Amino acid sequence: MAQVHDHGGGVRSVRVPIPDNPLGHTLVYVVETDRGPVLVDTGWDDPASWDTLAEGLTACGTDAGEIHGVVITHHHPDHHGLSGQVREASGAWIAMHAADSAIVRRTRETRAERWFTYMAAKLAAAGAPEEHTAPLRTARRRELPGFSPALPDREIVPGELLDLPGRRLRAIWTPGHTPGHVCLHLEEEHPSRLPGHGRLFSGDHLLPEITPHIGLYEDPDDATVTDPLGDYLDSLERVGRLAPAEVLPAHQHVFTDASARVRELLAHHEDRLNGLRSLLARPLTPWQLAERMEWNRPWDQIPYGSRNIAVSEAEAHLRRLVKLGRAEAVTGSDPVTYVAV
């Protein structure tokens, strides 16, 4: 049975399950407009998830065939997965930031074997042992969500109002979790008149109790040296200055006092950077650093795929430390090691 919540002011949410994932669900928001309902995100591409979304839309007094548009906060499959099915059912447009649309396009065009080769090389360069990289060299494409994501029809332009007749929904570019992540600022008085400036659909950028994954922007065909953690911290401050009355995130639950949560997250990442710098008292590869970082379980209990994510997060933190002049790569090391300065 779909869980639906009415947030007032023509905004409802549907809990769409994510199969076999500790996050549990994605909150898909249904926003009334003068041309019909618009969705903020769509949920995971899975038959049970689709059934739940369809039930939820019925409970909201509409159905998938009546959806006018789909606004995607970022390209990850628990947010963008069902967008194609919604468009097939209704003819709805799909909007996404250009940076994430480019990832969707390359994901569709890049052979899976190219991706596996790229990941194996990256992990080897990060110091991963042979027994970890070997499976990637023999991996073949499997039918998994995210391999053929729907191509968006429209571009979300930061700072501009989206074309939602009768609503004022402004796009705020918040890179970090992905290069094209956006939050969406509903510039309307809160229906319960809570103090603050409207409401914020925050995607994965700002969550009430957990910190989003900040790893490298992985792309086999783009060698640009990015600073995702720096992007994220800058984006957090931008959202904090908005001071919305209420935050409507894509996971967990709605909350208030965005500025306080932003301060908590900024302090968390500063503490983590300081802790990692202490670990770099002697040279470590990104893999060795990831092994020593604090996760939600001991390293030997972290599943294979999650280790890849952990190493990407370690590398994002290393890039930030290097950019701040608090760590540096050891010249001539292979695989590359880093040390505090």
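Only a predicted model underlies this, so the values are computations on that prediction, with no experimental measurement involved.

Caption draft 1: How the structure looks around the pairing of strand β9 (residues 182-186). Along β9, five of the five residues are buried, which leaves the element largely enclosed by surrounding structure. Side chains of β9 alternate between two faces, with Val182, Leu184 and Leu186 and Cys183 and His185 buried alike. Pairing between strand β8 (residues 169-173) and β9: five bridges, direction antiparallel. The residue of β9 that forms the bridge with Ile172 is Cys183. In the sheet, β9 pairs with strand β10 (residues 199-203) via three bridges, with the strands oriented antiparallel. Across the sheet, residue Leu186 finds its bridge partner in β10, namely Arg199.

Caption draft 2: Region of interest: the pattern of salt bridges. A full pass over the atoms with the stated rule returns 15 salt bridges. One salt bridge in this structure joins Glu187 and Arg170, with 2.7 Å as the shortest N-O distance. Here Glu187, found in the loop between β9 and β10, pairs with Arg170, found in strand β8; they are 17 residues apart in sequence, far enough to count as distant. Put simply, Arg272 and Glu313 hold a salt bridge, and the shortest N to O gap is 2.7 Å. With a gap of 41 residues between them, Arg272 in helix α8 (residues 258-279) and Glu313 in helix α10 (residues 304-323) connect regions that are remote in the sequence.

Caption draft 3: Structural context of the sheet that holds β8. Spatially, the four strands line up as an open sheet ordered β8-β9-β10-β11, and their pairing is mixed. Here the strands that pair on one side only, and so sit at the sheet edges, are β8 and β11 (246-249). Averaged over all pairs of adjacent strands, the angle between strand axes in this sheet comes to 25°, irrespective of strand direction. Running at roughly 150° to β8, helix α7 (residues 228-242) makes contact with β8, β9 and β10 of the sheet.

Caption draft 4: Representation of α10 in the model. The end-to-end C-alpha separation of α10 is 29 Å, in line with the 28 Å expected for 20 residues at 1.5 Å each. Positive phi appears at Gly325, one or two residues downstream of α10, with a value of about 75°.

Caption draft 5: Looking closely at unusual backbone geometry. The peptide bond linking Asp334 to Pro335 adopts the cis configuration, its omega dihedral lying at 0°. Checked against the element boundaries, Pro335 lands in the loop between β12 (327-329) and β13 (338-340). At Arg193, a residue that is not glycine, the phi angle is positive and equals roughly 60°. Tracing the chain through its elements places Arg193 in the loop between β9 and β10. Even without being a glycine, Ala243 presents a positive backbone phi close to 50°. Structurally, Ala243 can be placed in the loop between α7 and β11.

Caption draft 6: Main features of the pairing of β10. Burial of β10 is extensive: five of the five residues sit out of reach of the surface. Residues Arg199, Phe201 and Gly203 point to one face of β10 and Leu200 and Ser202 to the other, with burial holding for every one of them. Pairing of β10 with β11 involves four bridges; the strand directions are parallel. Along β11, the bridge assignment pairs Arg199 with Glu246.

Caption draft 7: How the structure looks around the sheet that holds strand β6 (residues 93-97). A sheet is described by the order of its strands in space; here seven strands give the open sequence β1-β2-β3-β4-β5-β6-β7, paired in mixed fashion. At either margin of the open sheet sits one strand with a lone partner, and together these are β1 (4-8) and β7 (154-156). Between one strand axis and the next, the sheet turns through 25° on average, direction left out of account. Sheet topology places strand β3 (residues 25-31) next to strand β4 (residues 38-40); three bridges connect them, and they run antiparallel. By the bridge assignment for β4, Tyr29 is matched with Val40. Strand contacts of helix α1 (residues 47-59): β1, β2 (11-17), β3 and β4, with the helix running at about 160° to β2, the strand carrying the most contacts. Where helix α4 (residues 98-109) meets the sheet, it contacts β6 and β7, and its direction lies at approximately 110° from that of β6.

Caption draft 8: Up close: the side chain of His79. Looking at where His79 falls in the secondary structure, it is placed in helix α2 (residues 77-80). Residue classification places His79 among the buried positions, given a relative accessible area of 0%. Excluding its chain neighbours within four sequence positions, the residues that come into contact with His79 are Thr26, Asp41, Thr42, Gly43, Ile72, Thr73, His74, Asp204, Ala250 and His251.

Caption draft 9: Structural context of the nonpolar core. One finds Leu206, Tyr232, Leu236, Leu280, Leu289, Trp299 and Val311 to be the most contacted residues of the largest nonpolar core, which totals 42 residues. Going through the elements one at a time, α5 (112-125), α7, α8, α9 (286-292) and α10 are the ones with two or more residues in this core. Contacts of Leu289, omitting those with residues within four sequence positions, involve Leu276, Leu279, Leu280, Leu284, Ala314 and Leu318. With 20 residues, the next largest nonpolar core counts Leu53, Leu57, Leu82 and Ile94 among its residues.

Conventions adopted
- Residues numbered from 1 in each chain as written.
- Predicted model: local features only at pLDDT ≥ 70, side-chain atom pairs only at ≥ 80, totals over all residues.
- Heavy atoms only, no water.
- Buried < 20%, exposed > 50% of the residue type's maximum accessible area, 1.4 Å probe, protein only.
- Helix = DSSP H or I, 4+ residues; strand = E, 2+ residues; numbered from the N terminus.
- Pairing = 2+ DSSP bridges.
- Salt bridge = Lys/Arg side-chain N within 4 Å of Asp/Glu carboxyl O.
- Axes fitted to C-alpha atoms, helices over the stretch in contact; angles between N-to-C directions.
- Contact = heavy atoms within 4.5 Å.
- Expected span 1.5 Å × (residues − 1).
- Core = buried A, V, L, I, M, F, W, Y, C linked by side-chain atoms within 4.5 Å.

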